[in-house]
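The primary structure of each chain is shown beneath.
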Amino acid sequence: MTSLNSLILVCLAYVALLFLVAFVAERLAARGYGGWLRSPLVYTLSLSIYCTAWTFYGAVGSAARNGLEFVTIYLGPTLVMLGWWMGLRKLVRVGRSQRVSSIADLISARYGKSNLLASCVTVLAVIGVTPYIALQLQSITLSFQAFVDASDDPMGYAETGSALWVAVGLAVFAILFGTRNLDANERHHGVVTAIALEAVVKLVALLAVGIFVVWGLAGGIGPAMAQIDASAIGAWQTEGSRWAAITFLSAAAFVCLPRMFQVMVVEADDERHLRTAAWAFPAYLMLISLFVLPIAAVGLTLMPAGSNPDLFVLTLPLSNDREGLAMLSFIGGFSSATSMVIVAAMALSTMVSNHIVMPLWLALQGDGASVSGDVRHVVLLSRRISIAAIMGLGYLYHAAAGEGVALASIGLVAFAGIAQILPSLVGGLYWRGATRAGALAGLTVGFVVWIYTLLLPEIGGAILPAGLSEAGLFGLSWLSPGGLFGGTGVDPLVSSVVWSLGFNTVAFIAMSLLTFPSPLERLQGAQFVNVFEHSTGPRGWTGSIAQTEDLMIMSQRILGPDQAHALFAREAMRQGVRGSLPEPSPAFLQALERELGGSVGAATAHAMVGQIVGGASVSVQDLMAVADESAQLLEYSSQLEAKSAELSRTARQLREANDKLTQVSLQKDAFLGQVSHELRTPMTSIRAFSEILRDTTGLNDAEKSRYGAIIHGEALRLTRLLDDLLDLSVLESGQVSLNLGHGQLSDVLDQAASTALTGSDGNLRLRRSAEAEAIALHTDLDRLTQVFINLISNAQKYCEVDRPTLTISAREFGSMVTIDFVDNGAGIPEEAQAMVFEKFARVGGEKAGGAGLGLAICREIMQRLGGDIQYLRGQGGAAFRVSLPSRDAKGARRT
Amino acid sequence: MRRNVMLIEDEPNITEAIRFLLTRDGWDVQTHADGNSAVDAVTRVLPDLLILDVMLPGKSGMDILRDLRGRPETESLPVLMLTARGQSRDRDMAEKAGVNRFMTKPFSNAEVLDAVRDLVPSPT
């Protein structure tokens, strides 16, 4: 038996080797050597941190318990690598061009650089990954126990201490090699190289054990196959839905796991490496899973009943006294666990530090911290503390959870949690309509459903109230965690995956459709979805001092003079240049571009700076990117257009109102001119003839009498005009008081006819019907009489025929009474009909002697009485219709 | 030889008063009441003096004056304009159109006679 001390010594030696490898790689990279460090092979091997201790030990255990189900864990990533190669390339391209530091950063960058979203993903990742780290620590503890006799370890050291010391050691390693650089986006060559080495170690170890088992124990391939057939494994049947769910989960986790994102995207040197990894990584997976079934089958046959199948990889060589092989196997398992824990801790610490600690720290520091102060120091410190905290959490979880849970089930729970990121990630890469609110809703919903249906029942049995899992929430069985929506009988994992991801996706899409993305979201959306059309990552510019002035002018336009001056002056001071214009160093140009990008979009800023500094060589890609942004701007401008249309509508209304006022003012001028003319004309005659009478001697009596008559007539005309004007002004101003009374229409007409016809020399004949005129009225009878007099007088004046006749016909229907006045004259010319009711219209020329106010007054009166007067067309002669409310004059305006 | 005046005025009483005054002052007075045919009447008669009302049925006095000023035979015809509208804008317009004298109604008879004598001095 290997002693505990020698085991610890081997572990320490192995870790020391890792330190050495990482250190050397780091030094080589720093000196610019070691191109092989950036080879596709190293990249592919680094991806193998997907295969953790869970894979190393647990695959065999899983095969022993559930047969071929373990294959799904390898199938998912293989399918992604082979089938979604272009998608991964897009992910890497986006990650590099956006300089993202973690998957939380990527999601945040896509959805308008939202820190809320980033911290959500971070919390999700920490909750999902902590059990997974605990799992690795547990596997190390178990492997220690398998090696060491209880008698050799009286203090129970292997059981209690190993996990703690391993955790501490890994934390130190991760801190030393994972937080050397401030820029989380820079490559950690040391870590990646160490991981690649570990990938080789675990593969070699598993293959060695496999070869030993097949050829050393089973006696060759044939017998081994026979053993598999003979064992229960061959007969195991996995349900189709569970098979599909786990394959999907492992595919999703392969993309979304923080540590996978770290090695696949953040640490990627060249996206072309994916081309190699696309076939090499599936090949690696195939090799590492090659001997899982034989080991499981032989283990089940040879090992005593009740022995842990998770440890067959160790116990088979041990029980056959192959200490060396067992040691190799132990190192392989150790490798699997350590590589996963190191990278996971690094990735998580970056997320925790960047999205939770730093925002809090900056908020506590106030405004000044972001521009001054030693932020760098704080970032590194917070990242180191985060690593320690995450390792601590993992250890605590391990210590609390104990060994009750099978390795594989913890892994799947973690996978399902991490997979909740998938809808937001894929949606963000392919759908420009995806919004921050959508991503937030999807993540939250999926996360909550996952916790309720999988995390709590699986690992937190003690936390859940007794009976909940059977009775369901609120006593509703369809809300029970295991059988959500009547899914009882379905595999809880399948049910949880379907419901959590289903609700997640639905919430994501629905909220995205319901909400409108902010400008930054839209811009980032375009950058993500169309990443291949956009620039190929940050490009540097170099320029001459002469161009700084142009840059300054451009910046002023975009940022405003104050901000632009401040920006340039700050840079000049930093460079130690006298004056306010700095050298256009590449660093400054990039900073300027970022600054401008905040205002006009990254692509536009890039094109603008390029136009000045890059000798006006704007690439087609740049122009396309600008056009793309312009398309988005167009969408905004269409909204602006709607607003501007509203403004111009208001302006038009104002213009119309103004026109109306101008018109009214012109009408008033014209009216005053008319009044003046109408008053001065009779006065002219009066004055002229009175002067003639006064100044002319020798006028005969006939002449005197004639001129006196003219003066008298004109004086009367003047009086009439003044009466009419006063009448009209009172009516128009609305100050007229109506004198309502009861009366018969026939009486009103009698009165009007006698007034209009008395004393006139006309021969107008009236045709009336006493029967029709028997209509009772309740109105201002005097005013109505005035209207009728006007109409009869007009007929008398203008109806120039031999036997002028005016037909008056009354009719009552409904609540209205109409009285038509139709003569047999020539009527009013069509072009004048619209004018007859206007003041001074005087269609009939001067002969009537009126000023043309009569019909205008009639119209005013009828409107006051709640009725109207209209010209009737096509009646032969001139025809007017007077209408007014019958009997009770409720419609009359009592003003 | 008696001097010849043409009066274009649509108000019969004013026409009668002016005819009375000018006849007694030794003028041959011809009258015309319609705006539309006024230019024809003036160019046919070619009077020594034209007295023109502004507000006429058909064509306004302003338009008639402009028309006459555009014709060689009447471009220097003395024109006395009478208006009852009495707005200063009318005086400006008339002067621009080439009026010789502009008077507002009601006028005093002596004023009219002075203006007429002034515009067409007696040959004696």
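What counts, and at which threshold
- Residues numbered from 1 in each chain as written.
- Chains lettered and ligands numbered in written order.
- Predicted model: local features only at pLDDT ≥ 70, side-chain atom pairs only at ≥ 80, totals over all residues.
- Heavy atoms only, no water.
- Helix = DSSP H or I, 4+ residues; strand = E, 2+ residues; numbered from the N terminus.
- Buried < 20%, exposed > 50% of the residue type's maximum accessible area, 1.4 Å probe, protein only.
- Contact = heavy atoms within 4.5 Å.
- Areas by Shrake-Rupley, 256 points an atom, 1.4 Å probe, with all protein chains shown as cover.
- Axes fitted to C-alpha atoms, helices over the stretch in contact; angles between N-to-C directions.
- Parallel < 35°, antiparallel > 145°, perpendicular 65-115°, else oblique.
- Nonpolar A, V, L, I, M, F, W, Y, C, P; charged D, E, K, R; others polar.
- Expected span 1.5 Å × (residues − 1).
- Salt bridge = Lys/Arg side-chain N within 4 Å of Asp/Glu carboxyl O.
- Polar contact = N/O pair within 3.5 Å; in protein donor to acceptor, adjacent residues only side chain to side chain.
- Pairing = 2+ DSSP bridges.
- Phe/Tyr/Trp six-rings, centres within 6.5 Å; stacked < 30°, edge-to-face > 60°.
- Lys NZ or Arg CZ within 6 Å of the ring centre and 35° of its normal.

In this section: the overall build of chain A. Scanning chain A for helices and strands turns up 33 helices and seven strands. Relative to its full complement of 895 residues, chain A shows a buried share of 52%. When contacts within chain A are restricted to residue pairs at least 6 apart in sequence, long-range pairs at least 24 apart make up 79% of them. For chain A, the accessible area works out to roughly 39400 Å², and carbon and sulfur atoms hold 61% of it.

Of regular secondary structure, chain B possesses five helices and five strands. Going residue by residue from the N terminus, the α and β elements of chain B occur as β-α-β-α-β-α-β-α-β-α. Taken across its 124 residues, chain B has 52% of its residues classed as buried. Once local pairs closer than 6 in sequence are excluded, the contacts in chain B between residues at least 24 apart make up 61%. Of the roughly 5600 Å² that chain B leaves accessible, carbon and sulfur atoms contribute 46%.

A few words on the packing of helix H11 (residues 240-256) of chain A against helix H12 (residues 258-266) of chain A. Residue and element names in this part refer to chain A. Viewed as axis vectors pointing N to C, H11 and H12 meet at an angle of 60 degrees, and their least axial separation amounts to 6 Å. One element, H11, and the other, H12, form an angle in the oblique class. Touching Ala253, Phe254, Val255 and Cys256 of H11 are Pro258, Met260, Phe261 and Met264, all from H12. The residue makeup of the contact of H11 with H12, split by class, is eight nonpolar, no polar and no charged.

This next bit is on helix H4 (residues 71-83) of chain A. Here H4 of chain A spans 17 Å end to end across 13 residues, near enough to the 18 Å set by a 1.5 Å rise per residue. Taken together, the buried positions of H4 of chain A are occupied by Thr72, Ile73, Tyr74, Gly76, Pro77, Thr78, Val80 and Met81 of chain A.

This brings us to the interface of chain B and chain A. Size of an interface, as often reported, equals the accessible area lost when the parts are brought together. Of the residues lining the interface, 22 residues belong to chain B; the matching set on chain A comes to 25 residues. Our count for the contact surface shared by chain B and chain A stands at two salt bridges. With a closest N to O distance of 2.5 Å, glutamate 11 of chain B and arginine 717 of chain A form a salt bridge. In this assembly, chain B and chain A are joined by nine residue pairs in polar contact (both at pLDDT 80 or more). Residue assignment for the side of chain B that touches chain A shows that the elements contributing at least two residues are helix H1 (12-24) and helix H5 (109-119) of chain B. For the side of chain B that touches chain A, the element with the most residues is H1 of chain B, which contributes seven residues.

The next subject is the sheet that holds strand E2 (residues 765-767) of chain A. Residues and elements named next belong to chain A. Within the open sheet, the five strands sit side by side as E2-E4-E5-E7-E6. Their pairing is mixed. The outermost strands of the open sheet, each flanked by one partner alone, are E2 and strand E6 (868-871). Direction aside, the axes of adjacent strands within the sheet are offset by 20 degrees on average. Pairing geometry for strand E4 (residues 805-813) and strand E5 (residues 816-823), over eight bridges, is antiparallel.

Within a pair of aromatic rings, the relevant descriptors are the distance that separates the centres and the angle that separates the planes. For the structure shown, the criterion picks out 19 aromatic pairs over all chains. Their ring planes at 50 degrees and their centres at 6.4 Å tell us that tryptophan 84 of chain A and tyrosine 430 of chain A sit as a pair that is tilted. Placement of tryptophan 84 of chain A in the loop between H4 and helix H5 (85-97) and of tyrosine 430 of chain A in helix H19 (residues 422-430) is noted, with a sequence separation of 346 residues between them. Assessed through its relative accessible area of 24%, tryptophan 84 of chain A is described here as partly exposed. The exposure class of tyrosine 430 of chain A is partly exposed, given its relative accessible area of 42%. With centroids separated by 5.4 Å and ring planes inclined at 15 degrees, the aromatic side chains of phenylalanine 254 of chain A and phenylalanine 281 of chain A adopt a geometry described as stacked. Of this pair, phenylalanine 254 of chain A sits in helix H11 while phenylalanine 281 of chain A is found in helix H13 (residues 273-289), placing the two residues 27 residues apart along the sequence. Judged by its relative accessible area of 0%, phenylalanine 281 of chain A falls in the buried class. Clustering of aromatic rings is evident, with ring pairs tying together Tyr50, Tyr132, Phe254, Phe281, Tyr284 and Phe415 of chain A. In this structure, arginine 3 of chain B is placed above the aromatic ring of tryptophan 27 of chain B, and the distance from its NZ or CZ to the ring centre is 4.4 Å.

This brings us to the pattern of salt bridges. Tallied over the entire structure, the rule returns 19 salt bridges over all chains. In this structure, arginine 783 of chain A and aspartate 727 of chain A form a salt bridge, with 3.0 Å as the shortest nitrogen-oxygen distance. With arginine 783 of chain A in helix H31 (residues 781-798) and aspartate 727 of chain A in helix H29 (residues 701-733), this pair connects stretches of sequence that are 56 residues apart. Using a relative accessible area of 14% as the deciding quantity, one classes aspartate 727 of chain A as buried. For arginine 117 of chain B, the salt bridge goes to aspartate 25 of chain B, with nearest N and O atoms at 2.7 Å. Of the two residues, arginine 117 of chain B is situated in helix H5 and aspartate 25 of chain B in the loop between H1 and strand E2 (27-32); the sequence distance between them amounts to 92 residues.

Following lysine 105 of chain B, the chain continues into proline 106 of chain B via a peptide bond in cis, with omega recorded as -10 degrees. Along the chain, the position of proline 106 of chain B falls in the loop between strand E5 (101-104) and H5. Of note in the backbone geometry, aspartate 321 of chain A takes a positive phi value of approximately 60 degrees without being a glycine. Along the chain, aspartate 321 of chain A falls in the loop between helix H15 (312-319) and helix H16 (323-365).

Now for the environment of valine 168 of chain A. The topology assignment puts valine 168 of chain A in helix H8 (residues 157-178). With 223 residues separating them along the chain, valine 168 of chain A and methionine 391 of chain A place their C-alpha atoms 7.6 Å apart.

Now for the sheet that holds E5 of chain B. All names here are of chain B. Spatially, five strands are ordered E2-E1-E3-E4-E5 in an open sheet, and the strand pairing comes out parallel. On the outer flanks of this sheet lie E2 and E5, each paired with one strand and no other. Averaged over all pairs of adjacent strands, the angle between strand axes in this sheet comes to 20 degrees, irrespective of strand direction. Sitting on the sheet, helix H2 (residues 38-45) is in contact with strand E1 (3-8), E2 and strand E3 (49-53), with an inclination near 175 degrees to E1. Each of E2, E3, strand E4 (79-83) and E5 touches H5; the most contacted strand, E5, lies at about 175 degrees to it.

In this section: H13 of chain A. Here H13 of chain A is 17 residues long and its end C-alpha atoms lie 23 Å apart, about the 24 Å a rise of 1.5 Å per residue gives. On its buried face, H13 of chain A sits against helix H2 (40-47), H4, H5, helix H9 (189-218), H11 and helix H14 (292-302) of chain A.

For the rest of this paragraph, the subject is the side chain of threonine 74 of chain B. Residue and element names in this part refer to chain B. Its location among the elements puts threonine 74 in the loop between helix H3 (61-69) and E4. Reaching out from threonine 74, the side chain makes a polar contact with the backbone oxygen of leucine 68 at a distance of 2.5 Å. Among residues more than four places away in sequence, those in contact with threonine 74 are Val42, Thr43, Leu46, Leu68 and Arg69.

Residue and element names in this part refer to chain A. Of note, arginine 864 is situated in helix H33 (residues 854-864). The exposure class assigned to arginine 864 is buried, which follows from its relative accessible area of 9%. In the structure, arginine 864 is positioned 128 residues away from valine 736 in sequence and 8.5 Å away in space, judged by C-alpha atoms.

Residues and elements named next belong to chain A. Assignment of secondary structure puts aspartate 868 in strand E6. Classification of aspartate 868 as partly exposed rests on a relative accessible area of 27%. In this structure, aspartate 868 is in contact with Met862, Gln863, Arg881, Val882 and Ser883, ignoring residues within four places of it in sequence.

Residues and elements named next belong to chain B. Of all the six residues making up E1, six are buried; the element is thus mostly covered by neighbouring parts of the structure. Residues Arg3, Val5 and Leu7 of E1 are buried on one face, and the alternating residues Asn4, Met6 and Ile8, pointing to the opposite face, are buried as well. Here six bridges tie E1 to E2, and the two strands are oriented parallel to one another. Within E2, the residue paired with arginine 3 across the bridge is tryptophan 27.

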